[in-house]
Amino acid sequence: MLEKKAEHILWLENIRKVFGGVVAVDDLTIGVEKGSVTSVIGPNGAGKTTVFNLITGFLSPSSGRIVYSGRALNRLRPHRIASLGIARTFQNVRLFPQMTVLENVMVGRHLRSAAGIFFSSALPPAWRREEARIRQEAMDWLEFVGLTGHARAIAGNLPLGSQRMLEIARALAIEPHLILLDEPAAGLNSRETIAMGELIEKIRQQRMTVVLVEHDMELVMDISDRVLVINFGRLIGDGTPEAVQDDPDVIAAYLGE
Amino acid sequence: MQGKDTAGLIVLILGLAAVPWVIGNDYYLGVLIFAAFNCLTCIGLCLLMGYAGQISLGHGAFVAIGAYTSGILTTTLGWSPWAAMGAAVLLVTGVAAIVGIPTLRLKGHYLAMATLGFASIIHILAVATVDLTGGPSGLLDIPRLSIFGYPLDSDRRYFYFSWAVVVVGLYVAFNLINSRVGRGLRALHGSEDAAASLGVNITAYKIQVFIMSAVYASVSGSMYAYYVNYIDPGPFGVMHSVLLVTMVAVGGMYRIWGAFTGAVLLSLLPEMLSFATDYLQVIGIAYKPDYDILVYGTILLIIMLFLPEGVFDGLGRAVRAGKQMIRR
Ligand SMILES: Nc1ncnc2c1ncn2[C@@H]1O[C@H](COP(=O)(O)OP(=O)(O)OP(=O)(O)O)[C@@H](O)[C@H]1O
Ligand SMILES: [Mg+2]
């Protein structure tokens, strides 16, 4: 049995999530170590995205508890969880398609700025120093993912690879301690997938903890410190990439028994 | 505010300054003053519809509360018109919070339903509470506004005043949409989940914008009361709320300028229709003002079916398509 340790930035204990009759997550207990890249793998419908939705408050667990940095997350709404330093991306990229690339990232600076509706309405942006700062910081994050040249483009017009990069830049802009990436390489070609791997490596160097859900095994095995395998909402494997690759249960689950 | 919006505002101000010199006729000046009231309400409604992605079918009720609060406080209690206008804003803030908070917490279009019910309640109250509102016969002798002892007693003066308020309303709206809060609003319109995942409190923002748009409507109602000096429940039926939504939709709800133009155009439409009446009579069709409602309904239907982003976007697309055809 796993035990909660001090190094765990995130701890899920006996988490269960039932949709009507479907048990999507079944008594799951996992810990994520601070500063690590932890991958969560498993066949389609295994419950990976559901786990992300539970952590970020888009769903609440049927039972069990989620602890982040010593704080219980149960029942907090998504925007509050973001404010505690957990960022995420979505499996089907969710940008603000009508806004520019830069504006998308500027929204990511929301929690790091303060202007309320009153001041925002009364004074033009050019008079508010905060606006210039938000813009500059957003530019810095665009540079981090290599999208500086597209700053003024409409986000919805970018190719998929750049959209995924942008979504990550936007999530990074909240300066999270923990970032959850849901299949960041899905739909990318091999060159883009390599770039994605490099980006995740760069994120780790920023001392952020990364949890990665991904089907691209090469990417997973390449960059993960630890791999968690789930099937039918249950944890069936947990260890280093090498150990997990050789685990007969895991092989069975992937080959469909 | 972005450069082209600033430029637009300057052009608008210059144009407005010239209008009373071009239009000497008080009747048409009056029509334009009414257009200003609608414009102000529609700017607020556009923030709600186009930016927060919510529909209110009861903004006419907030106009009514503004008008009646101003009317009642100035006539029966002898308040100064400005103080009454301020009190109306406070009252509307409270009422909008009561309507908005429970409905905007839910996902979906509950606000539209709640505001529709709310609008009928306010209209019934205006008719039924005879002691307070004068009932169907209305409130008489509402005073005029004056600014620092300078009375707004001519149409020309009231024209400048009401359009100045519209310009301020535009300025505030442009500031808002290009701010941190405005980005949050546009973001939640793009994807509520993504916005929430970045820390935007989407419920709070929807409520705030709803209240803000109600305040625009309230100010517009107060200005209306001080202009006509007489109010009755007639203009504040549910149809008025639908008309306001139509104005915003016609111009294009995703742009403040669109809502602005839609409001002006549809405010002038009855005048255009009455011109048309004369011609229609010549060819043997008797057009009655009662048909206006049919015309508005048809316009809303056509816009929603074929030009959901408003006539200007539609025109823009047509022009682009035309250019491409020529190039080929
Ligand atoms: N909101 C929901 N309502 C009902 N059932 C759901 C909901 N979300 C997920 N499920 C069900 O829960 C199970 C787990 O789904 P989930 O999306 O978490 O899988 P996944 O591991 O992310 O799969 P994939 O690799 O295909 O993305 C599936 O059976 C799915 O149909
Ligand atoms: Mg998934």
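Given the structure is predicted, the values throughout are model-derived calculations rather than measurements.

Moving on, we get to the overall build of chain A. For chain A, the count of helices and strands is 10 helices and 10 strands. A globule of 257 residues ought to have a C-alpha radius of gyration of about 18 Å, and chain A, at 19 Å, matches this closely. Seen along its three principal axes, the alpha-carbon backbone of chain A occupies a region of about 60 × 40 × 35 Å. Long-range contacts, defined here as pairs at least 24 residues apart, represent 68% of the contacts in chain A between residues at least 6 apart. Accessible surface computed for chain A: about 11600 Å², of which carbon and sulfur atoms make up 51%. A distance of 11 Å separates the average location of the 28 positive side-chain charges in chain A from that of its 30 negative side-chain charges.

As a further point, take the sheet that holds strand β7 (residues 178-182) of chain A. The strands making up a sheet are joined through hydrogen bonds of the backbone, oriented either antiparallel or parallel. Residue and element names in this part refer to chain A. Sheet architecture is open: six strands sit in the order β6-β7-β8-β3-β9-β10, paired in mixed fashion. Of all the strands in the sheet, just β6 (86-88) and β10 (234-239) have a single pairing partner and so form its edges. Each strand of the sheet is rotated relative to its neighbour by a mean of 20 degrees, with strand direction disregarded. In the sheet, strand β3 (residues 37-41) pairs with strand β9 (residues 226-231) via four bridges, with the strands oriented parallel. From the neighbouring strand, Ser39 faces β9, where its bridge partner is Val227. Most of the contacts of helix α7 (residues 190-205) go to strand β8 (residues 209-213), to which it runs at about 150 degrees, and overall it touches β3, β7 and β8.

The next subject is the coordination of the magnesium ion (ligand 2). All names here are of chain A. Taken together, Thr49 (OG1) and Gln91 (OE1) make up the full set of protein donors to the magnesium ion (ligand 2), lying 1.9 to 2.1 Å away. Remark: Gln91 occurs in the loop between β6 and α3 (101-108) and Thr49 occurs in helix α1 (residues 48-55); sequence separation between them is 42 residues. Given the relative accessible area of 26%, Thr49 is considered partly exposed.

Calculation notes
Residues numbered from 1 in each chain as written. Chains lettered and ligands numbered in written order. Predicted model: local features only at pLDDT ≥ 70, side-chain atom pairs only at ≥ 80, totals over all residues. Heavy atoms only, no water. Helix = DSSP H or I, 4+ residues; strand = E, 2+ residues; numbered from the N terminus. Rg over C-alpha atoms; globule rule 2.2 N^0.38 Å. Contact = heavy atoms within 4.5 Å. Areas by Shrake-Rupley, 256 points an atom, 1.4 Å probe, with all protein chains shown as cover. Lys, Arg positive; Asp, Glu negative; His and termini not counted. Charge placed at Lys NZ, Arg CZ, Asp CG, Glu CD. Pairing = 2+ DSSP bridges. Axes fitted to C-alpha atoms, helices over the stretch in contact; angles between N-to-C directions. Donors = N, O, S within 2.8 Å, 3.2 Å for Na, K, Ca; no water. Buried < 20%, exposed > 50% of the residue type's maximum accessible area, 1.4 Å probe, protein only.

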